[in-house]
Every structure is written in C-alpha cells, then in structure tokens.
Amino acid sequence: MQVKVFITPRKGILDPQGRVVEQSLKTLGFGDVSGVKVGKYIVLEVAAKNAVAAREETTRMCQRLLANPNIEDFSFEVEGE
Amino acid sequence: MKWGVVRFPGSLDDNDALYALAEVMGQEAAMLWHKDTSLGGAECILLPGGFSYGDYLRTGAIARFSPIMQSVEKFAADGGLVIGTCNGFQILCEAHLLPGALTRNRTLSFICERIHVRVENARTPFTRAMRQGDVLALPIKHGEGLYVAPEAELRDMEERGQVILRYCDAGGGETDAANPNGSMRAIAGVANERFNVFGLMPHPEHAVEAMLGGIDGRKIFESIAARA
C-alpha cells in the first residue's frame, strides 16, 4: 500500500531554507506569512498485510534512514487509513 | 603511522588526502574502497570530502550504510582514531559517531574561501601539536556546513571540551562575519565524548604546502601522527 512520508525540520532547529523562502514571500508582498518550513515529501509502496504493519515498517524506515532524528521530525499517511 | 583513506562513490578529496598524508607528511597511507570491510590495519581512518552517493536524501546519509562504514563504526567503538573532513564530517554525524548534524549554509550558497578557525581544545589526539587559542588558516568549500545540535547537547559538549574548532577572524576574535555558514556557536569542528573521532568542515589536506596558500593543515596531521 502507498505511504506518504513528510519530513520537516525540527522545531528550534535552524532552517535556512524556510527562512529565505519566508523572506522572499514577504518581499513579494505576502506580508502575513510566518513560520515557513521547507521539508521533504517521500512517496513509497509497502507490501504490508494491513495498515498497522505498514505503519510499523514506515516508522522503522523513518528512524533508520528517511529522517535524521537530530534535526528532523517525520509523519506519514498510510493509504486507506 | 598507518592511515586509511576511504573512497566512496562521489568522494572528491580522497586523492588530495592521500597525497597530503603520504607525499607531504611522509605517512604510510592507503586508499580503502567503500565496498570493502577491511581497514587494512590502519591506525587512523580519514573520511574525505566530496559528495558521497550524490548527497542523496541528506549529505552522508547513504554513505553511512556502506560496508566499510560498518567496520569504521566498530573501529571507532574500539577506540580507533577517525577523522572526517567536510563530507566526511557529515557522514560521521549521520553515523552518530559525532553529535549534531550539518545543514544548508545560512546563505543557501556554496562557499569556497579561506577562513580562520581557533583551536578550542588542544588536549586531543587531533590537536595536541597546537595550543589552545591558536588560529589556523584553512580553506572551506561546502554548501551544507551549518552545524546544528539541540541547545542542551551543545552545552554538554562545551563543558566536556568537545568543541575543537570554532570559526574566528584572523586575530582569533569571534564575530558573526567570521562565521561563514552560520553554524551554531560558530562550531567548525567537534569530537566525540571519547575524543577518538573528530569531524571538521575545513580542509586540512588542502593546506599542507605553501605554494597552495598555507600549511596550517599539517598541524592536524602532525598531532595525529605524533600519537604513534
């Protein structure tokens, strides 16, 4: 089943990309914008028996490789849940 | 001393590191391939700069799972000396052999210039040929050298003396302008708690001959070699 993984910079960790994008948006006149974070969106297929198993497998993948626990948070959506 | 320089697909500074060690420093040095698991009896492992595995996902994130890194992790756990420059530093952080992580420079641009770093702790195998407060002129060339770590961890690292090098101006003064990439606390190089693993963003291997702009990089290699 398909899993959509979202990797975001951890709160309190410097996010130079987010800061520069936010500044650019303000320069363009979007003065109300704040808290911009730039992360990653990863789509993958897991051959799991059910959504619970897919969640467990995806959590392990995130902890092991997809996210760096020092600086990033992860969340994901499992198809059909 | 016997050195091993690890070559990953995408390594750039492997040949320069081998040249600096063998030809300039007169050390016994050999290249190690990322798919091998033998460290060839090396007493110090050097992870060079470059763009290992294309820097996919995160810098160093894929390289840390290469076969040779499993041996390097074991070697470090047994107290073996490991030094990582630039991408090598990023790999060591990803492998959790060093605390923290390296992210995009605050300017978002690639920086290639000669900078200064101050020696913050000279009681390590990597800095013992220097004195605390010494200033080194070294080149940097990276897009992701902004050092980050949780504030509590930074405090602990400072207390234990794990911050080995800090960006500074030519006189050793710490100013925001002298911090090229925006690293937290101007950190340019850190060691692990046991002080047998060291990572730094500057390139000592590119600063070993006066003809190429300076020889301050030698002091780091001399420090390590003095141990044997």
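Everything numeric in this text was worked out from a predicted model, so none of it was measured.

Colleague: Whenever I open this one, the overall build of chain A confuses me. Can you help?
Modeller: A count of helices and strands for chain A gives two helices and three strands. Each helix and strand of chain A, placed in order from N terminus to C terminus, yields the pattern β-α-β-α-β. Computed over C-alpha atoms, the radius of gyration of chain A comes to 16 Å, more than 25% over the 12 Å expected from 2.2 N^0.38 for 81 residues, which places it beyond the range of a compact globule. The dimensions of chain A, computed from C-alpha atoms along their principal axes, are 50 × 25 × 15 Å. Expressed as a percentage of its 81 residues, the buried residues of chain A come to 16%. Counting contacts in chain A only where the partners sit at least 6 residues apart, residues at least 24 apart contribute 67% of the total.

Colleague: Looking at this model, I keep getting lost on the sheet that holds strand β2 (residues 40-45) of chain A. Mind explaining?
Modeller: Adjacent strands of a sheet form backbone hydrogen bonds with each other and so pair up, either parallel or antiparallel. All names here are of chain A. Pairing within the open sheet is antiparallel, and its three strands lie in the order β2-β1-β3. Each edge of the open sheet carries a strand with a single partner, namely β2 and β3 (72-78). If you compare each strand with its neighbour and ignore which way they point, the axes differ by 20° on average. Bridge count between strand β1 (residues 2-9) and β2: six bridges; the pairing is antiparallel.

Colleague: Help me understand the nonpolar core, please; the structure alone is not making it clear to me.
Modeller: One finds Ile45(B), Val82(B) and Leu92(B) to be the most contacted residues of the largest nonpolar core, which totals 71 residues. Not counting chain neighbours up to four residues away, the residues in contact with Ile45(B) comprise Gly4(B), Val6(B), Leu39(B), Val72(B), Phe75(B), Gly80(B) and Val82(B). In terms of nonpolar packing, the next biggest core, distinct from the first, is built from eight residues, Val3(A), Ile7(A), Ala67(A) and Phe76(A) among them.

Colleague: Just checking my understanding: could you explain the interface of chain B and chain A for this structure?
Modeller: A common way to report how large an interface is uses the accessible area buried once the components associate. Taken residue by residue, the interface counts 14 residues in chain B and nine residues in chain A. When residues of the side of chain B that touches chain A are traced back to their parent elements, those giving at least two are β5 (101-103) and β8 (146-148) of chain B. Along the lines of polarity and charge, the residues of the side of chain B that touches chain A split into six nonpolar, four polar and four charged.

Colleague: Explain the environment of Arg155(B) to me, please; I cannot follow it from the model alone.
Modeller: Residues and elements named next belong to chain B. With respect to the element layout, Arg 155 can be found in helix α4 (residues 151-160). Since 12 C-beta atoms lie within 10 Å of it, Arg 155 is described here as exposed. In this structure the C-alpha to C-alpha distance between Arg 155 and Tyr 53, which are 102 residues apart in sequence, comes to 33 Å.

Colleague: Honestly, helix α5 (residues 217-225) of chain B in this entry has me stumped. Any pointers?
Modeller: Side chains of residues three or four places apart in an α-helix project in the same direction, reflecting 3.6 residues per turn. Buried within α5(B) are the following residues: Gly217(B), Arg218(B), Lys219(B), Ile220(B), Phe221(B) and Ile224(B). Buried residues in α5(B) make contact with α1 (14-24), β3 (44-47), β4 (81-85) and β7 (135-142) of chain B.

Colleague: Any chance you could explain the pairing of strand β1 (residues 2-7) of chain B here in plain terms?
Modeller: Side-chain positions along a regular strand alternate between the two faces of the sheet. All names here are of chain B. Where burial is concerned, most of β1 is hidden: five out of the six residues are buried. Judged from the six bridges that link them, β1 and strand β2 (residues 28-33) form a sheet pairing that is parallel. Its bridge partner being in β2, Trp 3 is matched across the sheet by Ala 29. Taking the sense of rotation as the criterion, the β-α-β connection linking β1, α1 and β2 turns out right-handed. Where β1 and β3 come together, three bridges link them in parallel fashion. The partner of Trp 3 across the bridge, within β3, is Cys 44.

Colleague: How should I be thinking about the environment of Asp36(B) in this particular structure?
Modeller: Residues and elements named next belong to chain B. Here Asp 36 shows up in the loop between β2 and β3. When the 15 C-beta atoms within 10 Å are taken as the criterion, Asp 36 is described as partly exposed. Along the chain, Asp 36 and Pro 139 lie 103 residues apart, while their C-alpha atoms are 30 Å from each other. Not counting residues up to four positions away in its chain, the partners in contact with Asp 36 are Pro 67 and Ile 68.

Colleague: Mind showing me how you'd approach unusual backbone geometry here?
Modeller: Excluding glycine, most residues fall at negative phi; most peptide bonds, likewise, are trans. Residues and elements named next belong to chain B. Backbone geometry places Leu 108, a non-glycine residue, at a positive phi of 65°. Given 13 C-beta atoms within 10 Å, Leu 108 falls into the partly exposed group. Phi at Ala 186 takes a positive value of approximately 55°, unusual for a residue other than glycine. Along the chain, the position of Ala 186 falls in the loop between β9 (163-168) and β10 (187-191). Using a count of 22 C-beta atoms within 10 Å as the deciding quantity, one classes Ala 186 as buried.

Rules used throughout
Residues numbered from 1 in each chain as written. Chains lettered and ligands numbered in written order. Predicted model: local features only at pLDDT ≥ 70, side-chain atom pairs only at ≥ 80, totals over all residues. Helix = DSSP H or I, 4+ residues; strand = E, 2+ residues; numbered from the N terminus. Rg over C-alpha atoms; globule rule 2.2 N^0.38 Å. Buried ≥ 20, exposed ≤ 12 C-beta atoms within 10 Å, placed from the backbone. Contact = placed C-beta atoms within 7 Å. Pairing = 2+ DSSP bridges. Axes fitted to C-alpha atoms, helices over the stretch in contact; angles between N-to-C directions. Core = buried A, V, L, I, M, F, W, Y, C linked by C-beta atoms within 7 Å. Nonpolar A, V, L, I, M, F, W, Y, C, P; charged D, E, K, R; others polar. Right-handed = clockwise from strand over helix to strand, strands pointing away.

Any functional reading would require information beyond the geometric quantities listed.
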